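Residues per chain are reported as follows:
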Amino acid sequence: MLKKLGSLFLFCLLCLSLVVLFDPQLTRISSLYYQKCAECHLVLEGEFRVLGDQAFHPYHFYCAFCSIQILEDYKVNQDLPYHPVCLKIKQKEVCDFCHEPFVDALVEHLQHNYHPDCLTRFTAETCGYCKRELYGKYYLYQKKNYHAICYETHIAPHCAICQESILGEYLEDYWKYPFHKHHKDVPSCWNCNRRICEAITAGGKTLEDQRQVCGICWKSAITTQEQLQPLLTDIRKKMEAWGLILQIKEFSVDLVFQPELQKRAKFLYTPKLGGLTESQLIYHNENLFELKFQVSILWGLEENLFQSILIHELVHIWVKENRKSALNRQIEEGFANYLSFLLLQTRDNLMSHYLTEMIEKNTDPIYGDGFRKVKERIQQIGIAPFQEQLKSDLLWK
């Protein structure tokens, strides 16, 4: 019968429509007619449920009254599906607790109707979701009890990676995505630390240096000088507004992969290093010399992250131009991070908020403690006086 219906569809759409109207609970017809589930909009495969001109995965076909999956027969009222008993409850034909007809009085409670005695029993031991009497296996969650099916379908968190219900302990990332513990080895994005999968990030890619980048970050990845130069101009203007004017007019910013960055950074390299500034003092004669700078930043960084690293490196240039002696490394890196922090605060988006929080929570004694020390000092005296202290030959303490 099912196979025949599927064949008839190939010749006559009108006939198929008549069949659906004749049997609204038909569970398998040609997927050429119903392409996607009306609830989740994913492609239908295998058996599915039909209601009017819509089709649903079986696990997305819910009763309009109790919101629990309809597994067997159902009734339709005002184009919505109901368990037969739920429709009777909705129409005040039977008690919501015992499902027996009303003979005399009924009592309304939280938009449900009960026999007076049933209401007393109901309020003693009921499901926190559907408000029905508990039976069989149930879950305790946040001081409320739930039927197993109510908890698993509507209350339990769903894994962001596999979309299945999470019924035990689970992990959660910065972005508040919950996932099963057995997914802990799913690769994370080098930029934002999201788990890379279709459901969360629309996939991702592996770069030439084996960095994993998610689909979200790749949309704004900086990979060319044409993308870089307008950002450099904008950041220099931001720095000037904060009182940091670079004397050098031109310098190169190279986009490199990790092996090249590691080669240039030498002993300063770490796996999470995103940028590097190299300086060279060139003497033309005893009284004439010039500073040359080379900035290197990883190829393919997300735009907010790229900008925060770029301004960090430009602060190193400003320090070199304005001091005759070396600056305490914790203070220099802390000040560079502080400028990254200021820049990110001008960008109001999810990634800028994430990066700002990472700077504030950094536990590194150089970059993290240095940032907090600099921030506290600037809050005390202001950024302009702080810059004057940095320019002096005396190390700021």
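The rules we used
- Residues numbered from 1 in each chain as written.
- Predicted model: local features only at pLDDT ≥ 70, side-chain atom pairs only at ≥ 80, totals over all residues.
- Heavy atoms only, no water.
- Helix = DSSP H or I, 4+ residues; strand = E, 2+ residues; numbered from the N terminus.
- Buried < 20%, exposed > 50% of the residue type's maximum accessible area, 1.4 Å probe, protein only.
- Contact = heavy atoms within 4.5 Å.
- Areas by Shrake-Rupley, 256 points an atom, 1.4 Å probe, with all protein chains shown as cover.
- Polar contact = N/O pair within 3.5 Å; in protein donor to acceptor, adjacent residues only side chain to side chain.
- Core = buried A, V, L, I, M, F, W, Y, C linked by side-chain atoms within 4.5 Å.
- pLDDT = per-residue confidence, 0-100.
- Pairing = 2+ DSSP bridges.
- Arc of directions from axis to C-beta.
- Phe/Tyr/Trp six-rings, centres within 6.5 Å; stacked < 30°, edge-to-face > 60°.
- Lys NZ or Arg CZ within 6 Å of the ring centre and 35° of its normal.

Peer 1: Would you take a moment to explain the overall build of the chain for this structure?
Peer 2: Within the chain, the regular secondary structure consists of 14 helices and 15 strands. A burial count over the chain gives 43% of its 397 residues as buried. In the chain, once contacts between residues fewer than 6 apart in sequence are set aside, the share between residues at least 24 apart is 42%. For the chain, the computed accessible surface area is about 22,600 Å², with 53% contributed by carbon and sulfur atoms.

Peer 1: Got a minute to help me understand the environment of R195 in this structure?
Peer 2: Tracing the backbone shows R195 in the loop between β10 (178–180) and α6 (198–201). Residue R195 is classed as buried on the basis of its relative accessible area of 12%. Each C-alpha atom, one on R195 and one on D173, is 8.3 Å from the other, the two residues being 22 residues apart in sequence. Setting aside residues up to four positions removed in sequence, R195 forms contacts with I161, D173, F179, H183, K184, V186, P187, S188, I200 and T201. There is a polar contact of 3.4 Å between the side chain of R195 and the backbone oxygen of V186.

Peer 1: Can you help me understand the nonpolar core in this one?
Peer 2: The nonpolar side chains of a soluble globular protein tend to be buried, and buried together. F251, F306, L314 and F335 are the most contacted members of the largest nonpolar core, which has 61 residues in total. No other element matches helix α10 (residues 303–322), which puts ten residues into this core. Apart from residues lying up to four places away in sequence, F335 is in contact with L244, V315, W318, V374, I378, F386, Q387 and L390.

Peer 1: Could you clarify how one ought to interpret unusual backbone geometry in this entry?
Peer 2: Backbone geometry follows two general trends: most residues other than glycine have a negative phi, and most peptide bonds adopt the trans configuration. In this model, Q163 sits at a positive phi of 70°, which is unusual for a non-glycine residue. Position of Q163 relative to the elements: it lies in the loop between α5 (148–155) and β9 (170–172). Phi is positive for K266, close to 55°, though the residue is something other than glycine. For K266, a relative accessible area of 57% puts it in the exposed group.

Peer 1: I would appreciate a short explanation of the confidence of the model for the chain in the present structure.
Peer 2: Summarising the model, the chain shows a mean pLDDT of 82, and 84% of its residues fall at 70 or more. Counted against residues more than four places away or in other chains, residues 1–32, with its pLDDT under 50, gives 37 contacts.

Peer 1: Sorry, what's going on with the pairing of strand β8 (residues 144–147) here?
Peer 2: Across four bridges, strand β7 (residues 138–141) lies against β8 in antiparallel orientation. Along β8, the bridge assignment pairs Y138 with H147. Where β7 folds back on β8, the antiparallel hairpin that results is connected by two residues, among which Q142 adopts a positive phi of roughly 50°.

Peer 1: Is there a simple way to explain helix α14 (residues 383–391) in this structure?
Peer 2: Owing to its 3.6 residues per turn, the α-helix aligns residues three or four sequence positions apart on the same side. Restricting attention to buried positions, one finds in α14 the residues F386, Q387 and L390. End-on view of α14: buried residues confined to an arc of 100°, all on one side of the axis.

Peer 1: It is not clear to me how the environment of C159 should be interpreted in this structure. Could you clarify?
Peer 2: Tracing the backbone shows C159 in the loop between α5 and β9. In the structure, C159 is positioned 13 residues away from E172 in sequence and 9.5 Å away in space, judged by C-alpha atoms. Excluding residues that lie within four positions of it along the chain, C159 makes contacts with E164, I166, P178, F179, H180 and H183.

Peer 1: For this particular structure, what's the right way to read the packing of aromatic side chains?
Peer 2: Per the counting criterion, the structure on display carries 14 aromatic pairs. Ring geometry for Y146 versus Y151: centroids 6.3 Å apart, planes at 45°, classification tilted. A residue is classified by how much of its surface remains accessible, and Y146, at 7% relative accessible area, is buried. Using a relative accessible area of 7% as the deciding quantity, one classes Y151 as buried. Cluster of aromatic residues (ring-pair linked, three or more members): F56, F61 and Y74. Here R194 stacks its cationic end above the ring of W175, 3.7 Å away from the centre of that ring. One Lys or Arg, R211, reaches over the ring of W190 and ends 5.7 Å from the middle of that ring.

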